2 protein chains.
Amino acid sequence: MSSPSTASVDSLSAVAPAAPVLAAPVGSAVTAADIVLTGDRPTGRLHLGHYAGSLQSRLALQGRCAQTIVVADLQALTDNAGRPAHVAAHVREVVSDYLAVGLDPAQTTIALQSRLPALAELTMLYLNLVTVARLERNPTVRAEIEMRGFARDIPAGFLCYPVSQAADITAFRATVVPVGEDQLPMIELSNEIVRRVNRTTGTEVLPECRAMLSDTPRLPGIDGRKASKSLGNAISLSATTAEVRELVMAMYTDPAHARVSDPGQVEGNVVFAYLDAFDPATEEVADLKQHYARGGLGDVTLKRRLIEVLHNMLEPIRERRLMLTAQSDLVDDVLADGTRTARLRTEAVLHDVRQAFSLTS
Amino acid sequence: MSSPSTASVDSLSAVAPAAPVLAAPVGSAVTAADIVLTGDRPTGRLHLGHYAGSLQSRLALQGRCAQTIVVADLQALTDNAGRPAHVAAHVREVVSDYLAVGLDPAQTTIALQSRLPALAELTMLYLNLVTVARLERNPTVRAEIEMRGFARDIPAGFLCYPVSQAADITAFRATVVPVGEDQLPMIELSNEIVRRVNRTTGTEVLPECRAMLSDTPRLPGIDGRKASKSLGNAISLSATTAEVRELVMAMYTDPAHARVSDPGQVEGNVVFAYLDAFDPATEEVADLKQHYARGGLGDVTLKRRLIEVLHNMLEPIRERRLMLTAQSDLVDDVLADGTRTARLRTEAVLHDVRQAFSLTS
């Protein structure tokens, strides 16, 4: 990792204005005393689904509480062990996406999971406190095992990754973890491990955390299915204007809406899902829905509006990303600095946990 | 851990002569180029079973090749998570036993597992390369699960510990691992992981290792069952003369050998098992066996001989241990020095493996 460069990190905020925050899906529950932990697996560039679902929420939290984002390259290997170079290549991309949308390393710590050895050490300790049966019962893991077609051939690392997540959460003493509803069992397991560590060692060495559920609906892919890099149905944050146009034009609307004059279905219409997520003129969008439903509003008109909305939103992000590409060391420096900060924090927690477990330090 | 003290480490060889090596159960297969790795779980003091089974073999290897002994405190926690202080307390005892029998830190590296973070990091990487089904098929793990009565409540760390052992072995680039026959599946799994790492990363980053099977039969406990701290049927290396006398006098011989004149059974007779292991006068022992079998040799006579043999063997070990107790920092220093050496070595291997996995360093 390259050496720290505070100058270039500080200069970042001068590069371009932060992208506008359209929604603040964060409950009033978060206080300045909270420590929020989130993360992404670097298996592809971030897309509009990430923007609507988590990046905007992180932007809203920025400055309101302590916030760390972990680039989970080790967790990405749990089901990408066969293509480590692919994972490695996307670390810089993901960090570039963070900076491009306006996450500020002076306020948000961005760290690389594989450079935080305390996480592996905590995972090893926690693995002794969880039974295999308990891990196999985890509904999130079960669903993902099915989705990925692992069946009996689950990598052991994949079965154990909720324990690794508990290590991530506790290593930062995170008090708040934003998650989707499907990830609530992970939080439950993490708190179970915390209680077991505290009971086993007879000290309150770790705090429990609470889940922060997003009130933003999940943004679908352009075909209406779950947005996913592998399905090629997501619009990446770094997509060019031409790519955005092409993908919006291919969006699923209402197959029964054959002529402009026909009444159209708003529910399940991907264009409206995106307008709901990103069009700041919410009253106009409501009118458009009524117009579309009674007939007389064409898909092309709607899609042109969405292209315009996305252009306005993505243009500053794109410019910022271009600046980052020009300052080639900056992304590396941000990650090195954040990782260094995170390393100190996680080593301190590991020290406390080791001491509680009577491990000589 | 206390600071290094080369002086006190060097002075160790002057404390007392090394215990005599009665057998060299090591095949001719080991060369000066080999790296041998062994370890013990610090869950109790070492006993005569360890001496016959592994300590003598380590003494025989000393100086003939590179040798590292890992005090496996983390592995001990896989089934002792509820009593970490018990494990911690036995680390010094086990190292004291090593030094007392004559293991020389100038020739044999003695390191503490929990102070080698590279092991946890390698374990995390390897967990992605092994399926849960593969771990569940491991006969050693299955046998131990049954023995420990875990059933469905196996701690995840226990299921995964063969992967952790593969991390230990590979972190030292060990080429030779002395094991009992029941542990051969562990070695097979470790080599499987090595091949998978090399294939996945497209480099020969790790070497395979070979098992070194001991030709010494396992020494039974005084009751003829497997020697175990929890059964209280083992004679610890640090037992007092009185304790040794008492335990030998309680040894299982031949229940049908009621009178001295009765013919006695040699097979399964614990006293003969110990004489075979430790009496340097092997021809006399052969004569005694014949005498015992035809009748006319009493148990008490035999046991007195064994007490004498054990006294001669244990006395220098006991003296050495007493010296160590007087120099209270010496054991800590030896462990700190060895751990530092091991840390450099394992970090270097981790660096290579990380690089092979395209993880930024």
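Throughout this description, residue numbers start from 1 for each chain and increase along the sequence as written. Each chain gets a letter, beginning with A, and each ligand a number, beginning with 1, in the order they are written. The model is predicted, so local features are restricted to residues of pLDDT at least 70 and side-chain atom pairs to those at 80 or more, both for listing and for counting; the totals for chains, interfaces and linings are taken over all residues. Values shown for side chains rest on all heavy atoms present in the structure; no hydrogens or waters enter the calculation.

J.: Give me the lowdown on the overall build of chain A, citing residues and values where you can.
T.: Looking only at helices and strands, chain A features 15 helices and 5 strands. Relative to its length of 361 residues, chain A is compact, with a C-alpha radius of gyration of 22 Å against a globular reference of 21 Å. Each residue is placed in one exposure class: buried if its accessible area under a 1.4 Å probe, protein chains only, is under 20% of its type's maximum, exposed if it is over 50%, and partly exposed if it falls in between. Taking all 361 residues of chain A together, 56% fall into the buried category. Note on contacts: a residue pair is in contact if any heavy atoms of the two residues lie within 4.5 Å. In chain A, of all internal contacts separated by at least 6 residues, the share reaching a separation of at least 24 is 80%. His is not counted, nor are the chain ends, whereas Lys and Arg count as positive and Asp and Glu as negative. The atoms used to mark charge sites are NZ of Lys, CZ of Arg, CG of Asp and CD of Glu. With 35 positive and 42 negative side-chain charges, chain A shows a spacing of 3 Å between the two charge centroids. For helices the rule is a DSSP run of H or I covering at least 4 residues; for strands it is a run of E covering at least 2, with both sets numbered from the N terminus onward. Note that the radius of gyration is over C-alpha atoms, with the globule rule given as 2.2 Å times the number of residues to the power 0.38.

J.: So what about unusual backbone geometry? Which residues, and what values?
T.: Although it is not a glycine, Ser358(A) sits at a positive phi angle of roughly 60°. If you trace the backbone, Ser358(A) turns up in the segment after helix H15 (328-356). Notably, Arg173(B) is not glycine yet its phi reads approximately 50°, a positive angle. Structurally, the position occupied by Arg173(B) is in the loop between helix H9 (161-171) and strand E4 (176-179). Judged by relative accessible area, which is 26%, Arg173(B) ranks as partly exposed.

J.: Tell me about the nonpolar core, and name the residues and values.
T.: Membership of the largest hydrophobic core comes to 107 residues, with the highest contact counts inside it found for Tyr126(A), Val353(A), Tyr126(B) and Val353(B). Ignoring anything within four residues of it in the chain, the contact list for Val353(A) reads Leu122(A), Leu125(A), Tyr126(A), Val205(A) and Leu206(A). The definition of a nonpolar core used throughout is a set of buried Ala, Val, Leu, Ile, Met, Phe, Trp, Tyr and Cys residues joined through side-chain atoms within 4.5 Å.

J.: Break down the pairing of strand E1 (residues 35-40) of chain B for me, citing the residues and quoting the values.
T.: Where a strand is regular, its side chains alternate between the two sheet faces. Residue and element names in this part refer to chain B. As paired elements, E1 and strand E2 (residues 66-71) share 6 bridges and run parallel to each other. Bridged to Val-36 within E2 is Gln-67. Consider the strands pointing away from the viewer: the crossover is right-handed when the path from the first strand over the helix to the second runs clockwise. In terms of handedness, the path from E1 via helix H2 (residues 48-61) over to E2 forms a crossover that is right-handed. At least two bridges found by DSSP between two strands are what make those strands a pair.

J.: Can you explain the domain arrangement of chain A? Please cite residues and give values.
T.: How big an interface is tends to be expressed through the accessible area that disappears when the partners come together. Residue and element names in this part refer to chain A. As far as domains go, chain A holds domain 1 (6-219 + 328-356) and domain 2 (241-318). As used throughout, domain bounds are those supplied by an automatic or database domain assignment. One C-alpha centre belongs to domain 1, the other to domain 2, and the line joining them spans 33 Å. Between domain 1 and domain 2, the residue contacts involve 8 residues of the former and 9 residues of the latter. Between domain 1 and domain 2, the buried area comes to about 890 Å², and carbon and sulfur atoms account for 85% of it. A 3.5 Å cut-off defines polar contacts: any pair of N or O atoms within that distance qualifies, except that in protein one atom must be a possible hydrogen donor and the other a possible acceptor, and neighbouring residues in sequence count only when both atoms are side-chain atoms. At the boundary of domain 1 and domain 2, one finds 0 residue pairs in polar contact (both at pLDDT 80 or more). What counts as buried area is the accessible surface, traced by a 1.4 Å probe, that two parts surrender upon association, with contributions from both included.

J.: An account of the relation of the copies chain A and chain B is needed here, citing residue identities and associated values.
T.: Copy-to-copy superposition: least squares on the C-alpha atoms, limited to residues that have pLDDT of at least 70 in both copies. Screw-axis analysis of chain A against chain B gives a translation of 0.0 Å along the axis, an RMSD of 0.1 Å, and a rotation angle of 180°. Classification of the inter-copy transformation places it as that of a two-fold axis. For chain A, the smallest separation between a C-alpha atom and the rotation axis is recorded for Ala120(A), amounting to 2.7 Å. Comparing interface residues between copies, 100% of those in chain A also lie at the interface in chain B; the contact surface is shared.

J.: Pulling in residues and values, what's your account of the pairing of E2(B)?
T.: Residues and elements named next belong to chain B. Along E2, 5 of the 6 residues are buried, which leaves the element largely enclosed by surrounding structure. Sheet topology note: the E2/strand E3 (residues 108-112) ladder contains 5 bridges and is parallel. Note on E3: the bridge partner recorded for Val-71 is Leu-112.

J.: So what's going on with the side chain of Ser236(B)? Which residues, and what values?
T.: By the secondary structure assignment, Ser236(B) is in the loop between strand E5 (210-213) and helix H11 (241-249). Contacts of Ser236(B), omitting those with residues within four sequence positions, involve Arg45(B), Leu46(B) and His47(B).

J.: So what's going on with the pattern of salt bridges? Residues and values would help.
T.: Salt bridges are defined as contacts in which a side-chain nitrogen from Lys or Arg sits within 4 Å of a carboxyl oxygen from Asp or Glu. Counted under the stated rule, the structure contains 40 salt bridges over all chains. For Arg196(B), the salt bridge goes to Glu192(B), with nearest N and O atoms at 3.6 Å. Taken together, the residues span about one helical turn, with Arg196(B) and Glu192(B) both in helix H10 (residues 184-201) at a distance of 4 residues. Here Glu192(B) falls in the buried class, since its relative accessible area comes to 18%. Among the charged side chains, a network of salt bridges with common partners joins Arg45(A), Glu93(A), Asp97(A) and Arg321(A).

J.: Any details on helix H12 (residues 270-278) of chain A? Residues and values, ideally.
T.: One turn of an α-helix holds 3.6 residues; hence residues three or four places apart share an orientation. Those residues of H12(A) that sit buried are Val270(A), Val271(A), Phe272(A), Tyr274(A), Leu275(A) and Phe278(A). Summarising the contacts, the buried residues of H12(A) are in contact with helix H2 (48-61), helix H13 (282-294) and helix H14 (299-326) of chain A.

J.: So, the side chain of Gln67(B): which residues are in play, and what are the values?
T.: Residue and element names in this part refer to chain B. With respect to the helices and strands, the residue Gln-67 is situated in strand E2. A distance of 3.2 Å separates the side chain of Gln-67 from the backbone oxygen of Arg-58, its partner in a polar contact. Every residue in contact with Gln-67, bar those within four places of it in the chain, is listed here: Val-36, Arg-58, Leu-61, Gln-62, Leu-103, Gln-107, Thr-108 and Thr-109.

J.: Quick rundown of the confidence of the model for chain A? Include the residues and the values.
T.: Residues and elements named next belong to chain A. Averaged over every residue, the pLDDT of chain A is 88; residues scoring 70 or more account for 91%. Scored from 0 to 100, pLDDT records how confident the predictor is in each individual residue. Model confidence for chain A, summarised as mean pLDDT per element, is weakest for helix H1 (residues 6-15) at 33 and strongest for strand E3 (residues 108-112) at 98. Considering only residues more than four positions removed or in separate chains, one finds that residues 1-28, a stretch of pLDDT under 50, has 59 contacts.

J.: Give me the interface of chain A and chain B: which residues, what numbers.
T.: With 45 residues of chain A at the interface, the matching set in chain B holds 45 residues. Together, the buried faces of chain A and chain B total about 3700 Å²; carbon and sulfur atoms form 63% of this surface. On the chain A side of the interface with chain B, the three residues burying the most area are Met124(A), Asn128(A) and Val132(A), jointly 15% of the side's total. Our enumeration of links across chain A and chain B arrives at 0 salt bridges. Between chain A and chain B we count 10 residue pairs in polar contact (both at pLDDT 80 or more) in total. When contributions to the side of chain A that touches chain B are tallied by element, the ones reaching two or more residues are helix H3 (73-77), helix H4 (84-101), helix H5 (117-127), helix H6 (132-137) and helix H8 (156-159) of chain A.

J.: Now, about the environment of Ala336(A): what can you tell me, with residues and values included?
T.: Assignment of secondary structure puts Ala336(A) in helix H15. Since its relative accessible area comes to 2%, Ala336(A) is described here as buried.

J.: Describe helix H5 (residues 117-127) of chain B, listing the residues and the values that go with them.
T.: Among the 11 residues that make up H5(B), 11 are buried, leaving the element largely enclosed by the rest of the structure. Where H5(B) is concerned, the buried positions are Pro117(B), Ala118(B), Leu119(B), Ala120(B), Glu121(B), Leu122(B), Thr123(B), Met124(B), Leu125(B), Tyr126(B) and Leu127(B).

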